[in-house]
Structure formats: structure tokens, C-alpha cells
Amino acid sequence: MDVNEKDTQVVYLDYNATSLIKPEVVKEMTSLLSLAGNPSSVHQFGRGARDVIETSRDRVANMIGSQPDEIIFTGGGTESNNMALFGSGRKRIVLSVIEHPSILEAAKSMLKYEGQGERSIEFVSVDENGVVDPSSVEKAIGSDGENVLVSIMLANNETGVIQPIHEIASLVKDRGALIHCDAVQAPGRIPLDVKMLGIDLLSISAHKFGGPKGVGALFISDNITLNPLVTGGGQERGLRPGTENVIGIAGFGIAADLVGQDLQNVGHIAKLRDSLENKLCSLEPKVRVFSKDAKRLPNTTCLSMPGVQSEMQVMGLDLAGVAVSAGSACSSGKVEPSHVLAALGLPSEDVGCAIRISFGWGSKKSDVEKLVSVWQAFYAGLSTRYSN
Ligand code: PLP
């Protein structure tokens, strides 16, 4: 379904799962559909395709404050995260417990395939707001920093909580360890500059900020050497062999160029989010907004509607024309209890009743109004049913 055109009555508030693609991106990608030439070919067709890739590399580098040759195009955030973890060759991996499954599962499979003796994982917990304490990262690194890769996300996809990455990165560097940051939820929501953050490796994904799905990048600081996940040709400096997804990369570049507009609009987005939270909390005082006191992405709220399972809420709201999510999107369509909310030490009743609402470039005041009225009707309907 194309929410942009199909049905203006449908309200899309699931930008953290995937943003609506921007019209400028669609236009660029459509215009390139019949582009000939393999970017590795030396003839003019190949050079044309190569130009598209290199222009996008410049645009993506510009978005995160890196040099273009520090950008490796990948198949998205999951692949970038796996590449960072597997490719670093570091024996010990320090992670927070609230990382995305593409980090947690990658780390676990490293142990499985490379042996417990070869590699180890150290988990760092979070406080009741979901924030990592930099000193706990420092402690987890210990005295052999040169064997350690630390991977901490910039902003959590479920709660929107922003981690003190700059502070963490400086402690990590002091100990001689490497720092990778999953910044998939950051572009267009908060400013992002790899040099200012002091990061060695950083993952981004185009579809989270108006670009196409299935294309992302790993920033690799120019002083870092990484091993490839797959082998083959020499594309992307041999780190990501295989003929490039030229059209996807082109769309990624346009989305990166447009991120500045989103950043100018974050005040409006934050107001929508805040007014939604205020309205729901005043309608039903039992509503609980998670991590409200932490520094959060301006577009994200994660809250619980007491007594109603997340899955039921998502389906009820969907039937009424509002798309939200139950914690993180899951490829199987099955909703598992959130490991992120569990890590905040919340009671399981709250965790099981949580929904995530995430705004983006197409969000409007009327979306909040519709969600609030649908929510109110849905909740009232349930209360009547249960009281009868
Ligand atoms: N990291 C975070 C924080 C995410 O939210 C996601 C997507 O949900 C990913 C990684 C994976 O990105 P992709 O969908 O591009 O593989």
C-alpha cells in the first residue's frame, strides 16, 4: 500500500519501523530505472553508473560529517551492524542490553561460530530511563582495551532514548578500544556528526529517513581496518563485494541531502509528540510514558495503555486507520515482549501493554487528533465490553 497516495484517511505513525519514502527520492529512483552500465565497467555506461554512486557517497558523507571514502554502502542497518561486529576482529565485545537484535544476534552468533574461547560478550545494563552509564562501559572494557569493540546505539528504536555517545566514545578511546555506534534511528531526528561524536564505526539505513529500503552504509573511520563479511569482487574497497544497488544508493543520496529539512522541522515534530502524550495522559491517568525523563528523539513515544495487550492495541488502531507498532517491528509479524522495556525494570503488565508511536516528515496535527479520537473510542469500547 502506498500511504502517500492510497488513502488520505490512513494515519501512518510508524516512522521508526520505516519512514514514508520522500517524493524526491521516488522521482530520482524512477528516473534511473533504465540506467545501463555496471559501475565497475570502464566504458561510458559504467562510468555513468559509477557517477551516481559517487555522488551519493558524497551526499551521505556530508550528512554525517565524514570523508566520502569512509562510507561503505551496504544492504541496510542490519548488514552494517553485522559488518562492524564480525569485521573488527576484536575478541571482546561490549554491548548494552538494549541494542537492536541486529547487534545482539550478531554478537551471539559470533560466539556460536567462532567459539566461546575465541570471543566473549560483556553486557552493560541501563538505568530505569534506559540510559547507559558511561562509567559502566569503562568498567566493562577493563584493562585490555586493544582487544575490545564497544557497540552502543545512538538512539533506541523503541523508546527513542539518546545515549551519551560522545562521553562513552571518549572513555572508549582512552582505553584503546574501538567504538561502533548503531545510529540507524538518528538521521533527520537529531544532528549527526561522526567526528564530533568521536566514533570509529557507525551504521545508518536509508529507509529510516525517507530513503528506500534495503540500502544503508557503514562509516569506517580512515584509521580503521575491517574484514569483509562476504568475499568476491573488489567493490566498496573489497569490503562489500557484489555489483552495487545503484538505484537504491541514488535514493539514499537524495534522502541524505534532504535530512537538513527534517532537522529544521523537529520542533514541529516534538510538539506533535508532546501534545499526543499530554492528551492521552489526561484522557487516562493510568497511561504510562516510558523514559519520559530521559533525553529522547523528538519523534518517538513509547507508552502503555493499561490492561490491553500491545498486539490487540496495534490491531484495533489499525482497523480504525492508524498505523503504530508494538515495540520493535518483527520480521515474522509476531510481537515478542520487548527486551528494551524489560531492561528498564518495568513490570511485565506494562511491557505487555506498550505501543510505540513514531512521527516523521509527513506527520500533521490532524494525525494526532485522529489517533487520540480512535484511541479514546477503542479504549471506551473495551471498558464497556469488560464491564458488561
Ligand atoms: N538498528 C536499529 C536501531 C533499528 O531500528 C533498525 C531497524 O529497525 C536496524 C538497526 C536495522 O536496520 P535495517 O532495517 O536497515 O536492516
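Just so it is clear, the model here is predicted, and its values are computed rather than measured.

Engineer: Just give me the short version of the overall build of the protein chain, but keep the residues and values in it.
Structural biologist: Across its full length, the protein chain carries 13 helices and 12 strands. The C-alpha radius of gyration of the protein chain comes to 21 Å, within 12% of the 21 Å expected for a compact globule of 388 residues. Its C-alpha atoms put the protein chain at 70 × 55 × 35 Å along the principal axes. Counting only residues that meet the buried cut, the protein chain has 55% of its 388 residues in that class. Long-range pairs, those at least 24 residues apart, make up 73% of the contacts in the protein chain with a sequence separation of at least 6. Surface summary for the protein chain: the accessible area is close to 16800 Å², and the carbon and sulfur share equals 52%.

Engineer: Which residues make up the pattern of salt bridges, and what values go with them?
Structural biologist: Applying the stated criterion across every chain, the model contains 19 salt bridges. K22 serves as the salt-bridge partner of D262, at 2.7 Å between the closest nitrogen and oxygen. Separated by 240 residues along the polypeptide, D262 in helix α8 (residues 246-264) and K22 in the loop between β1 (11-12) and α1 (23-31) bring together distant segments of the chain. Neither residue differs from the other here; D262 and K22 are each classed as buried. One salt bridge in this structure joins D144 and R92, with 2.6 Å as the shortest N-O distance. Taken as a pair, D144 in the loop between α5 (134-141) and β5 (148-151) and R92 in strand β3 (residues 92-96) lie far apart in primary sequence, 52 residues in all. Residue classification places D144 among the partly exposed positions, given a relative accessible area of 24%. Salt bridges sharing partners connect three or more residues here, namely R50, E54, R57, E236 and E244.

Engineer: Which residues make up helix α10 (residues 310-319), and what values go with them?
Structural biologist: Among all positions in α10, only S310, Q313, V314, G316 and L317 are buried. Taken around the axis of α10, the buried residues stretch over an arc of 165°, which confines them to a single face. Exposed residues on α10 whose side chains face more than 90 degrees from its buried face are M315 and L319. Among the residues trailing α10, G321 stands out with phi positive, at a value near 90°.

Engineer: Which residues make up empty space enclosed by the protein, and what are the values?
Structural biologist: All told, the structure shown has 1 cavity of 30 Å³ or more when counted by the stated rule. The volume enclosed by the largest cavity comes to roughly 140 Å³. As for the largest cavity, its lining consists of 15 residues, and the residues nearest its centre are G188, R189, D262, G360 and W361. Residue assignment places the lining of the largest cavity across two domains, with domain 1 (11-21 + 265-387) and domain 2 (23-257) each supplying three or more.

Calculation criteria
Residues numbered from 1 in each chain as written. Predicted model: local features only at pLDDT ≥ 70, side-chain atom pairs only at ≥ 80, totals over all residues. Heavy atoms only, no water. Helix = DSSP H or I, 4+ residues; strand = E, 2+ residues; numbered from the N terminus. Rg over C-alpha atoms; globule rule 2.2 N^0.38 Å. Buried < 20%, exposed > 50% of the residue type's maximum accessible area, 1.4 Å probe, protein only. Contact = heavy atoms within 4.5 Å. Areas by Shrake-Rupley, 256 points an atom, 1.4 Å probe, with all protein chains shown as cover. Salt bridge = Lys/Arg side-chain N within 4 Å of Asp/Glu carboxyl O. Arc of directions from axis to C-beta. 1 Å grid on protein atoms, 1.4 Å probe; cavity = no way out; pocket = protein on both sides within 12 Å on 5 of 7 lines; lining within 4 Å. Points joined across faces, edges and corners; volume = space filled by probe spheres on them. Domains from an automatic or database assignment.

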